[in-house]
Structures are given as C-alpha cells and as structure tokens.
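Now for the letters of each chain:
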Amino acid sequence: AGRGPGSCPPLLGHMCVTHCCSALDSESASSSIRFSKACLKNVFSVLLIFIYLLLMAVAVFLVYQTITDFREKLKHPVMSVSYKEVDRYDAPGIALYPGQAQLLSCKHHYEVIPPLRSPGQPGDLNCTTHRINYTDPFSNQTLRWHASTHTARTRKGSPHSPPGWLWPLSLQKSALIVQGPREVKKRELVFLQFRLNQSREDFSAIDYLLFSSFQEFLQSPDRVGFMQACESAYSSWKFSGGFRTWVKMSLVKTKEEDGREAVEFRQETSVVNYIDQRPAAEKSAQLFFVVFEWKDPFIQKVQDVSIT
C-alpha cells in the first residue's frame, strides 16, 4: 500500500503511538505537579496568615492585660514595711482627761511595779506633768448640729427650746499631760493611779490619747493649738475604774505621697481586775490604775511603692 509522506512505517507504527502517548503523560504529570505546588503554596499562605492573626490576637490580649494590671497596681500600691531598732525613744506625750478624778500617784519604774502600799491614798508624784485647758476642737461642729436640729424642730411647731440647749455640754477640756517612758531596753514604764470619789454615771472611765513627742509640746509656742491638733489627728482610748490597764505602745511612721511623715501609735492592752481590800467606808471611791510601756525597740516604717 502506498504511504503518504510523513506517515510512520508499518514496523514503527506502534513505537510512534507509544511515543506520542508518553509525551502526553509527561505533560499531564508536569501540570499535576505544578497544580500541587500551587495548592501547597496557597495552603501554607493561609496557614501563615492564620498563625499571624493568632499571634496578633495574643499580643493584643497581653498588652491589654499588662495595662489593666498596671492600672490596678497604681490604685493599690505595694506597701513597703521596714523596721528600725532604737536604743531609746523620744518621750511620748500622754494626755489624760480625768474629769473629776484626782491623780493620786505617778511614778517611773523599770521592769516591775512594786506592791501598792496605800491604795486610794495620795502617793509619790515623780512624773513631769502639765495641766492645760483648751476648747474642744469639735465644738464648732457640735454647735452647728444643735443649731440645725433646733431650727428643724421649731419649724415643725414643737415648743422652743431654751437658749442653753443650743450649746454642747462641755466646750472646755482639761488635760493632764504626762511625760511617757523612754528607756525601752530597760523596760521603763509609767504607773499612774487615780481616785474618783463619787459619780452619778453608771460606768466610769478616763479618756487618754498619745502623741509622739512630749518635748514638742513643751517647745510649742501655742500649746492650746498643739493639743487641739493632736485631738483632731489622733485616736483616743479609755481605761476603766476597778482595773489595772497595761498599755504597750508601738510607733508606726508612714510616708505620705507629698513627702510628709505621719506618726501613728498602736497599742496592746491587758486588763487585770483590782482586788479591793480597803475598808468598806473607802470603797465608795472608785480607783483607776494604768501603766504605759513600750512594746519593743522597733519603729515600723511604711511607704507606698508603685511597681511598674
């Protein structure tokens, strides 16, 4: 049979078809490989974008949490507490408000108090004391409160109260200032005894407050203003009749934000019942016993510390 130009010989026909098929398979495999690479590339790109977004979310959360924690720490700064040991303290001031009670004795002792010799009778007064009278620093508020109450009652049509009703019961205060103990390592203490002859009250007690320096009181040009400032700034306590109250003091100094140093007294008290062995005729007079002593030789210093 005749063969046209370019046709495969009969013997080589099969080999020609095989070659053409192989060429087609190679091209198809190459296209599949290129498609697989493109798919993998796209998958890796999406995966990298997802990881990037995840890391960004974590970073944003950590930044938010850090800012929140920082703001909370600014609201609640850490308190730095340190202790300073001293050989002796500045003698504190002890302001007592005995009212009608009489000071019978006042004496400095070391470690122990000797037995009472004549309880209820005047004894040794071996303490440095000063008496001062001043106007109650809270009397203005008392006056304003009474005046507003009186006005309200009058408007409601109640009977007019007498003019004296507008005034507080006691504007003037009488304080007995006693020099406190200094020698903390020798366990110096101050022991005071008072007597109240008669009282119409159901309960009897004597008020007192502590301030940091008796010497500052002595050197103050305005002792009245000094005591008014102390009463406004410091807390007051009480000790009751018929007991021996033992007050152990400790000193805390706090540094304020403006750089000033605030002084605070802390105390631990123990109360022991007084066994009254006086004659029956003398028992109508109430006796008060109080002891002031330093708890330990360490001044506590407190300061705010902001952690950034």
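Residues numbered from 1 in each chain as written. Predicted model: local features only at pLDDT ≥ 70, side-chain atom pairs only at ≥ 80, totals over all residues. Heavy atoms only, no water.

Student: Lay out the overall build of the protein chain with the relevant residues and their values.
Tutor: From N to C terminus, the protein chain includes four helices and twelve strands. Across the 308 residues of the protein chain, 28% fall into the buried class. The contacts of the protein chain with a sequence gap of at least 6 include a subset with a gap of at least 24, amounting to 80%. Accessible surface, the protein chain: about 21100 Å² in total, of which carbon and sulfur atoms supply 56%. (Helix = DSSP H or I, 4+ residues; strand = E, 2+ residues; numbered from the N terminus. Buried < 20%, exposed > 50% of the residue type's maximum accessible area, 1.4 Å probe, protein only. Contact = heavy atoms within 4.5 Å. Areas by Shrake-Rupley, 256 points an atom, 1.4 Å probe, with all protein chains shown as cover.)

Student: Describe in detail the environment of F243, supporting the description with residues and values.
Tutor: Tracing the backbone shows F243 in strand β9 (residues 243–255). Note on F243: relative accessible area 31%, which makes it partly exposed. Between the C-alpha atom of F243 and that of L287, which follows or precedes it by 44 residues, the distance is 7.9 Å.

Student: Give me the environment of F265: which residues, what numbers.
Tutor: Mapped onto the elements of the fold, F265 is located in strand β10 (residues 261–273). Remark: the alpha-carbon pair of F265 and L209, spanning 56 residues in sequence, is separated by 9.3 Å. Excluding residues within four positions of it along the chain, F265 makes contact with P92, L210, F211, S212, W237, M249, S250, L251 and W294.

Student: Please give an account of the UniProt feature "transmembrane region" (unreviewed entry) in the protein chain that cites residues and values.
Tutor: Per the UniProt entry, the sites bearing "transmembrane region" (unreviewed entry) are residues 43–64 in this numbering. Across residues 43–64, helical content stands at 100% and strand content at 0%; the span's end C-alpha atoms are separated by 32 Å. (UniProt positions renumbered as here; feature names shortened; annotations may be inferred.)

Student: Now, about the pattern of salt bridges: what can you tell me, with residues and values included?
Tutor: Going through the model one piece at a time under the given rule, you end up with ten salt bridges. E293 is the partner of R187 in a salt bridge, and the nearest nitrogen-oxygen pair spans 3.4 Å. Taken together, the positions of R187 in the loop between β5 (172–179) and β6 (188–196) and E293 in strand β11 (residues 286–294) put the pair 106 residues apart, joining distant regions of the chain. Measuring nitrogen to oxygen at the nearest pair gives 3.7 Å for the salt bridge that ties E264 to R266. Looking at E264, the relative accessible area reads 37%, which means it is partly exposed. (Salt bridge = Lys/Arg side-chain N within 4 Å of Asp/Glu carboxyl O.)

Student: I'd love a proper account of the packing of aromatic side chains, names of residues and values included.
Tutor: Under the criterion given, the structure shown has 13 aromatic pairs. Judged by centre distance (5.4 Å) and plane angle (75°), the rings of Y208 and F292 are edge-to-face. In this pair, Y208 is assigned in strand β7 (residues 205–211) and F292 in strand β11, connecting sequence segments 84 residues apart. As far as the burial class goes, Y208 and F292 line up, both buried. Ring geometry for F265 and W294: centres 5.9 Å apart, planes at 25°, overall stacked. Here F265 is found in strand β10, whereas its partner W294 is found in strand β11, with 29 residues between them in sequence. On the basis of relative accessible area, F265 is assigned to the buried category, the value being 7%. Members of the aromatic cluster, joined through ring pairs, are F194, Y208, W237, F239, F288 and F292. Over the ring of Y97 we find K173; its NZ or CZ atom is 4.6 Å from the centre of that ring. The ring of F217 has R223 sitting right over it, with the charged end atom 5.2 Å from the ring centre. (Phe/Tyr/Trp six-rings, centres within 6.5 Å; stacked < 30°, edge-to-face > 60°. Lys NZ or Arg CZ within 6 Å of the ring centre and 35° of its normal.)

Student: Account for the layout of surface pockets, naming residues and giving values.
Tutor: Taken as a whole, the largest pocket spans an internal volume of roughly 520 Å³. Taken together, 22 residues make up the lining of the largest pocket; nearest its centre are Y97, P98, G99, A205 and D207. Among the elements of the structure, β5 and β7 are those that each provide at least two residues to the lining of the largest pocket. Within the lining of the largest pocket, the residues separate by chemical class into eight nonpolar, eight polar and six charged. (1 Å grid on protein atoms, 1.4 Å probe; cavity = no way out; pocket = protein on both sides within 12 Å on 5 of 7 lines; lining within 4 Å. Points joined across faces, edges and corners; volume = space filled by probe spheres on them. Nonpolar A, V, L, I, M, F, W, Y, C, P; charged D, E, K, R; others polar.)

Student: Which residues make up the state of the cysteines, and what are the values?
Tutor: One pass over the full model with this rule turns up one disulfide. The disulfide bridge from C106 ends at C127, spanning 2.0 Å between sulfur atoms. Measuring the twist about the S-S bond at about -95°, one finds the C106-C127 disulfide to be left-handed. Placement of the pair is C106 in strand β3 (residues 102–110) and C127 in the loop between β3 and β4 (129–135), with a sequence separation of 21 residues. Since its relative accessible area comes to 13%, C127 is described here as buried. (Disulfide = S-S within 2.5 Å.)

Student: Go over a nonpolar patch on the surface, please, and point to the residues and values.
Tutor: A contiguous nonpolar surface patch, about 1100 Å² in accessible area, is contributed by L40, F44, L47, L48, F50, I51, L54, L55, V58, F61 and L62. Among the structural elements, L40 can be located in helix α1 (residues 13–75). (Patch = residues over 30% accessible without salt bridge, like charges linked within 9 Å, V, L, I, M, F, W, Y side chains within 5 Å.)

Student: Which residues make up the pairing of β6, and what values go with them?
Tutor: A large share of β6 lies buried, amounting to nine of its nine residues. Alternating positions in β6 separate into two faces, E188, V190, L192, F194 and L196 on one and L189, F191, Q193 and R195 on the other, with burial throughout. With eight bridges joining them, β3 and β6 adopt antiparallel strand pairing. When the sheet's bridge partners are listed, L103 is paired in β6 with F194. Pairing analysis gives eight bridges linking β6 to β11, with the strands arranged antiparallel. The partner of Q193 across the bridge, within β11, is F289. (Pairing = 2+ DSSP bridges.)

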